[in-house]
Amino acid sequence: MGQAMSASDVSSSALPATSVNPIGPPFWLLAEITYKCPLHCVFCYNPVDFAQAGPELSTDDWLLVLREARAAGSVQCGFSGGEPLVRDDLEVLVAEAHRLGFYTNLLTSGVGLTEARAATLEAAGLDHIQLSFQDSTKELNDFLTHTKTFDLKRKTAAIIKAHGWPMVMNCVIHRLNIDYIEQIIDLAVELGAEYLELANSQYYSWAQLNRDHLLPSREQLERAERITNDYRARLGDTLKIFFVVPDYYETRPKKCMNGWGNVFLTVTPEGLALPCHTAKMLKDITFPNVREMSIYDIWYQSDAFNRYRGNAWMKEPCRTCPDQEKDHGGCRCQAHMLSGDAANADPVCDKSPEHHRVLTAVAYAQIPDDQRTMIKPLVFRDAMRSHQLSNPVLK
Amino acid sequence: MSTTSAPAAPIDLQLCPRMAKMFKLQWEDVQQSWVLLYPEGMVKLNGSAGEIMKRLDGQTNVAALIAALEHDFATPDLSADVLDFLRIAQGQGWVKL
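Residues numbered from 1 in each chain as written. Chains lettered and ligands numbered in written order. Predicted model: local features only at pLDDT ≥ 70, side-chain atom pairs only at ≥ 80, totals over all residues. Heavy atoms only, no water.

Undergrad: I keep staring at the environment of methionine 167 of chain A and nothing clicks. Help me out?
TA: All names here are of chain A. Locating methionine 167 in the fold gives a position in strand 6 (residues 167–173). Overall, methionine 167 belongs to the buried group, its relative accessible area being 0%. Put simply, methionine 167 and leucine 66 are 101 residues apart on the chain and 25 Å apart in space, counted from C-alpha to C-alpha. Ignoring any residue separated from it by four or fewer positions in sequence, one finds methionine 167 in contact with Ala157, Ile160, Lys161, Leu191, Gly192, Ala193, Glu194 and Tyr195. (Helix = DSSP H or I, 4+ residues; strand = E, 2+ residues; numbered from the N terminus. Buried < 20%, exposed > 50% of the residue type's maximum accessible area, 1.4 Å probe, protein only. Contact = heavy atoms within 4.5 Å.)

Undergrad: Help me understand the packing of helix 3 (residues 90–100) of chain A against helix 4 (residues 115–124) of chain A, please; the structure alone is not making it clear to me.
TA: Residues and elements named next belong to chain A. At a closest axis distance of 8 Å, the pairing of helix 3 and helix 4 adopts a crossing angle of 20°. Judged by the inter-axis angle, helix 3 sits roughly parallel to helix 4. Along this stretch, helix 3 crosses helix 4, giving a crossing that reads as right-handed. Here helix 3 contributes Leu90, Glu91, Val94, Ala95 and His98 to the contact with helix 4, which in turn contributes Arg117, Thr120, Leu121 and Ala124. (Axes fitted to C-alpha atoms, helices over the stretch in contact; angles between N-to-C directions. Parallel < 35°, antiparallel > 145°, perpendicular 65-115°, else oblique. Left-handed = near helix turned anticlockwise from the far one by under 90°.)

Undergrad: Sorry, what's going on with the pairing of strand 2 (residues 24–28) of chain B here?
TA: Two faces, one strand: in a regular strand the side chains alternate between the faces of the sheet. Residue and element names in this part refer to chain B. As judged from the 5 bridges shared by strand 2 and strand 3 (residues 33–38), these two strands associate in the antiparallel manner. Bridged to tryptophan 27 within strand 3 is tryptophan 34. Here strand 2 hands over to strand 3 after 4 residues, with glutamine 32 in that stretch at a positive phi of 50°. (Pairing = 2+ DSSP bridges.)

Undergrad: Sorry if this is basic, but what is going on with empty space enclosed by the protein here?
TA: Where empty space is left can be seen by rolling a probe of water-molecule size over the atoms. Residue and element names in this part refer to chain A. The full count for this structure, using the stated rule, is 2 cavities of 30 Å³ or more. Empty space within the largest cavity amounts to approximately 120 Å³. Cys256, Gly259, Trp260, Gly330 and Arg332 are the residues nearest the centre of the largest cavity, which is lined by 15 residues in total. The residue makeup of the lining of the largest cavity, split by class, is 9 nonpolar, 3 polar and 3 charged. Put simply, the second largest cavity is a space of about 80 Å³. Looking at the second largest cavity, the residues that line it are Arg252, Pro253, Pro317, Cys318, Cys321, Asp323, Gln324, Asp327, Gly329, Ala345, Cys349 and Lys351. Looking at the lining of the second largest cavity residue by residue, the classes come out as 6 nonpolar, 2 polar and 4 charged. (1 Å grid on protein atoms, 1.4 Å probe; cavity = no way out; pocket = protein on both sides within 12 Å on 5 of 7 lines; lining within 4 Å. Points joined across faces, edges and corners; volume = space filled by probe spheres on them. Nonpolar A, V, L, I, M, F, W, Y, C, P; charged D, E, K, R; others polar.)

Quick look at the structure:
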């Protein structure tokens, strides 16, 4: 009687290359097709200076990106933004991605997803829609208590189901909604979601500006996890729930994007190729533009994409750390934001000499709201504010 | 993923397995392998797993599937391997029986 096979015997998940193996293909292409968006989320990870970005790529530019990426081995394609539905050539792009053999994902708030557009997207071969809800903190209380916005989400969810797509919902969780987690899960159940991702906000871009408003307390997190587990036990397979904890509460960092230039390739609305959504903040790196360099050359040859591959760039404590293959020292952007140097260990790691910066933020998060001294107000994402923040007025 | 040790319920050889709705199977030239795609994710299948998955059309029952594989690969006694795989695939949610 032989040993029974296990799932790992027959499969492996999307293969990261390690520093020992050569670079693998850019399996995951994220096409951020516009920064335009009807919402004003306070946790948005679009760059704070998005309003200053150069002209958007044309339809033909994007078609070339899709073809080149597919030829380089990309398999998953996400259409995102901003709000991707703002672009009226979305169906053309989805159709081409589908024709090329990509698995296509639309990451959307659902605003603009009419029955007509759902039909054209289905005809174009779209495989999956990830619907976000509880989008904007401006509408926080409204959303949970008023029927108007909920009715809209209910309609959008019905459209998605009617076209046979799996109902995958994403809700960014933060201090201002984490105490309503039961209602959020109840809504997902009512809308017939098959997957629910409760993604605790990460603190980049607009979310970083609003970090003190957004970081939950330990008690809030523990309560939310308990409730999530209760629902999991009750709901079983009818709804798969993912709960992502903010990494500020960990002592080891995440293996961000599975490693710099390892699996993910993002193309911004103006055509910059980045290894992640926020890498443009690293001002000492020149990221290539897809108008000027092919996807293959960008991925394999560019200085930008090679910059943090392998381990040679690492400083201590990462350089000699036994966990270096596990997490690659965490997130370059977070190291840059919190320590001033992208080559440092991500300060989430408790081996980082800058870890105290994370602890300070976490300590502040334990203070109940009614005991906090006045902090800066919430900053809502919009173009005007983006311009203001990009051009500080000198006194 | 740990190996299964508990004896699983025997698979009815008359059932016609099919891939679960959310999954897409395709051959990837660049990776030289079959992959299973689902929302935002990918599972790379080894050679035999790919050969089994690609034959799941929802019309062929398990007995016929085993016979076809034995014929195509001129290899007898594939029953245990195929059934083991189907159990895993079912457990992972890739396959419905």
